[in-house]
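Listed below, chain by chain, are the residues.
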Amino acid sequence: MYRSTISHLQCVQCGKSYAPGETNWCPDCGLDEGILDVIFDIDRVRKTLTRPVLAQRPRNHWRYEELLPIGEGLPLVPRDIGWTPMIEAPRLAKALGVRRLHLKDDSRGASASFKDRASAVGVSLALASGADQIACASTGNAASSLAHCAAAAGIPCNIFVSARIPDGKLAQLLAYGARVFRVQGTYDEAWRLCMDACEEFGWYNRNAAVNPWLVEGKKTGGMEIAEQLMDDPPDWVSASVGDGCSIAGIEKGIRQMREIGIITWECRMLGVQAEGVAPIAAAFDSGSLDRSGGGDTYADSINCPVPRNWRKAVNAVRTSGGVYTTVNDGEILEAVRRTGHHSGVFAEPAAAAAIAGIARARADGVIGPKDHVVAVISGNGLKDVAGAMRAVGGPVDVPPNLDAVQKEVRKDNRP
Ligand SMILES: *Cc1c(COP(=O)(O)O)cnc(C)c1O
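Residues numbered from 1 in each chain as written. Predicted model: local features only at pLDDT ≥ 70, side-chain atom pairs only at ≥ 80, totals over all residues. Heavy atoms only, no water.

Visitor: Please give an account of helix α11 (residues 279-286) that cites residues and values.
Guide: Where α11 is concerned, the buried positions are Pro279, Ile280, Ala281, Ala283 and Phe284. Here the buried face of α11 lies against β11 (268-274), α12 (310-319) and β12 (323-327). (Buried < 20%, exposed > 50% of the residue type's maximum accessible area, 1.4 Å probe, protein only. Helix = DSSP H or I, 4+ residues; strand = E, 2+ residues; numbered from the N terminus. Contact = heavy atoms within 4.5 Å.)

Right, here's the structure in full:
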């Protein structure tokens, strides 16, 4: 059942080790703090995961299977996950004041977000465990990616959402055929209800926060950054942070690619949170999480007032020598517009936050003018059209005649 390259699980709080399958969280530290990290036998991995071997493998995220938690010979589904484009964006780089900028564009992933990487691992694990249904609670992208992967693999899917979910994401869930429970309550209540339902009905639980294996799927974003920029190292990788799994996965992926000898370089992580909901940025400075919650942001996918993976997210940025920064909703709106105008990539607000963070870090002198930066574009703007419309302005209304168009063109009112 467990891959032979996995050594053990380790509690990020107390450091205690557990055998694979023994538990999903550290019983000594409890469900809230006892998050487990999967430790691999790197010497074993580096024997088979080499540059020549990678060159032969299919261009999807299963190409790193030795570093993913699916046992040998078990199903690796669906196949359409990962290997998203790495796009150089010189005009956006100029607008942000950095030497070079690459966009790791997961908005073009199978369900149009970075979450596909974890959901694919979730569905493969569910099939391997013999579960007949899968479930998750989510503000949006974890759910739509799970619904996509479940539909592609042919396993029924149950989703618990809060009433705030944007229409685009809700439409995706329903189109993929998931059963959607819209919970009249907070996100936290939806999350607890999903936990209880999984217990009651024996569904496989894709909630990344209580499933240590899923974060390993998010590593592939970092591994692809490492492989795609193998001989062209970046100085910084900027990623927006909600619960904290994504940035922890990206950092771990890049680090493991270095440990197995695919790359030799290191780079720093820039963790970006929304000013209104920034508990991880605060914990990076204070060393502990303020669990009082509250606050708000326009970037719904990173609106996570009590993040469960905060310690992993703090450790990842610290290990890389990086920092956290916060951006306000105005800066995020501006970044949606700038990213679209200067690179042709339509980012959802939470994804554009990674761009806003670069502008802020540049203004603060954290990122320098000579730096080469990667921004993770974690979700597609089409998922929340109403949100996007707040950022991008309106069309020019004209009657159907050329005079009216000429009048507008003469005004040259392009932003
Ligand atoms: C989930 C999400 C994030 C943040 O990932 P976490 O693991 O919650 O920190 C960022 N951007 C988008 C679009 C997301 O869906």
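Visitor: Residue-level account of the sheet that holds strand β1 (residues 6-11), with values.
Guide: Ordered in space as β2-β1-β3, the three strands form an open sheet in which the pairing is antiparallel. One side of each edge strand has no neighbouring strand; the edge strands of this open sheet are β2 (17-18) and β3 (36-40). As defined by bridge partners, β1 adjoins β2 across two bridges and the pair is classed as antiparallel. The residue of β2 that forms the bridge with Leu9 is Tyr18. (Pairing = 2+ DSSP bridges.)

Visitor: Give me the lowdown on the nonpolar core, citing residues and values where you can.
Guide: Ranked by internal contacts, the top residues of the largest apolar core, which has 78 residues, are Ile134, Ile159, Ile225, Val237, Ile250, Met257 and Tyr324. When sequence neighbours within four positions are dropped, the list of residues in contact with Ile250 reads Phe114, Lys218, Gly222, Ile225, Val237, Ala239, Met269 and Val376. One finds Leu96, Trp236, Ala274 and Val336 within the second-largest nonpolar core, a separate group that totals 35 residues. (Core = buried A, V, L, I, M, F, W, Y, C linked by side-chain atoms within 4.5 Å.)

Visitor: Account for the site of the ligand, naming residues and giving values.
Guide: Around the ligand sit 16 residues in total, of which Lys115, Asn141, Gly242, Gly244 and Ser378 are the nearest. Between an oxygen atom of the ligand and a main-chain N or O atom of Asp243, the distance comes to 2.8 Å. Here an oxygen atom of the ligand sits 3.2 Å away from a polar atom, N or O, in the main chain of Cys245. Considered on its own, the ligand offers 370 Å² of accessible surface; in the complex 96% of this is hidden by protein. (Near = heavy atom within 4 Å. Polar contact = N/O pair within 3.5 Å; in protein donor to acceptor, adjacent residues only side chain to side chain. Areas by Shrake-Rupley, 256 points an atom, 1.4 Å probe, with all protein chains shown as cover.)

Visitor: An account of the confidence of the model for the chain is needed here, citing residue identities and associated values.
Guide: Looking at the chain as a whole, its pLDDT mean stands at 94, while 99% of the residues score no less than 70. The least confident element of the chain, judged by mean pLDDT, is helix α1 (residues 30-33) at 88; the most confident is strand β10 (residues 236-240) at 99. (pLDDT = per-residue confidence, 0-100.)

Visitor: How would you explain the pairing of β11 if you had to name every residue and give the values?
Guide: Counting buried residues along β11, six of its seven residues qualify, which places the element largely inside the surrounding structure. Examined bridge by bridge, β10 and β11 share five bridges and lie parallel to one another. Paired with Ala239 across the bridge in β11 is Gly271. Taken together, β10, helix α10 (residues 245-259) and β11 constitute a β-α-β crossover, and its handedness is right-handed. Pairing analysis gives five bridges linking β11 to β12, with the strands arranged parallel. From the neighbouring strand, Leu270 faces β12, where its bridge partner is Val323. (Right-handed = clockwise from strand over helix to strand, strands pointing away.)

Visitor: Mind laying out the environment of Tyr64, listing which residues take part and the relevant values?
Guide: Note on placement: Tyr64 falls in the loop between α3 (51-56) and β4 (86-88). For Tyr64 and Cys245, which are 181 residues apart along the polypeptide, the C-alpha to C-alpha distance reads 18 Å. Aside from chain neighbours lying at most four places away, what touches Tyr64 is Leu49, Leu54, Trp83, Thr220, Met223, Glu224, Glu227 and Met257. A distance of 2.5 Å separates a polar atom in the side chain of Tyr64 from a polar atom in the side chain of Glu227.

Visitor: Give a detailed account of a nonpolar patch on the surface, specifying residues and quantitative values.
Guide: Together, Phe346, Leu382, Val385, Met389 and Val392 give the surface a local cluster of nonpolar side chains, amounting to about 440 Å² of exposed area. Relative to the helices and strands, Leu382 is located in the loop between β13 (372-377) and α15 (385-392). Of the residues examined, Leu382 reaches a relative accessible area of 58% and is grouped as exposed. (Patch = residues over 30% accessible without salt bridge, like charges linked within 9 Å, V, L, I, M, F, W, Y side chains within 5 Å. Salt bridge = Lys/Arg side-chain N within 4 Å of Asp/Glu carboxyl O.)

Visitor: Could you give me a rundown of the side chain of Arg308, with the residues and numbers involved?
Guide: On the secondary structure map, Arg308 appears in the loop between α11 and α12. With relative accessibility at 12%, the residue Arg308 sits in the buried group. Among the polar contacts made by the side chain of Arg308, one reaches the side chain of Asp32 at a distance of 3.4 Å.

Visitor: Residue-level account of the pattern of salt bridges, with values.
Guide: A complete count under the given rule lists 28 salt bridges for this structure. Note that Lys169 is salt-bridged to Asp300, the shortest N-O span being 3.1 Å. Here the residue Lys169 occupies a position in helix α7 (residues 167-175), and Asp300 occupies one in the loop between α11 and α12, the gap between them amounting to 131 residues. With its nearest N and O atoms 3.7 Å apart, the salt bridge here joins Glu334 to Arg338. Here Arg338 and Glu334 lie together in helix α13 (residues 329-343), a separation of four residues that amounts to about one turn. Of the residues examined, Glu334 reaches a relative accessible area of 33% and is grouped as partly exposed. Put simply, Asp37, Glu216, Lys219 and Lys252 are held in one network by salt bridges that share partners.

Visitor: Would you mind going over the sheet that holds strand β7 (residues 157-162) in detail, with residue names and values included?
Guide: What the four strands build is an open sheet, ordered β8-β7-β6-β9; its pairing is parallel. Since the sheet does not close on itself, it has two edges, and those belong to β8 (179-183) and β9 (204-205), each with one partner. The pairing of strand β6 (residues 134-137) with β9 spans two bridges and is classified as parallel. Looking at β9, one finds that Ile134 is bridged to Tyr204. Sheet contacts for helix α8 (residues 187-201): β6, β7, β8 and β9; angle to β6, the most-contacted strand, approximately 160 degrees. (Axes fitted to C-alpha atoms, helices over the stretch in contact; angles between N-to-C directions.)

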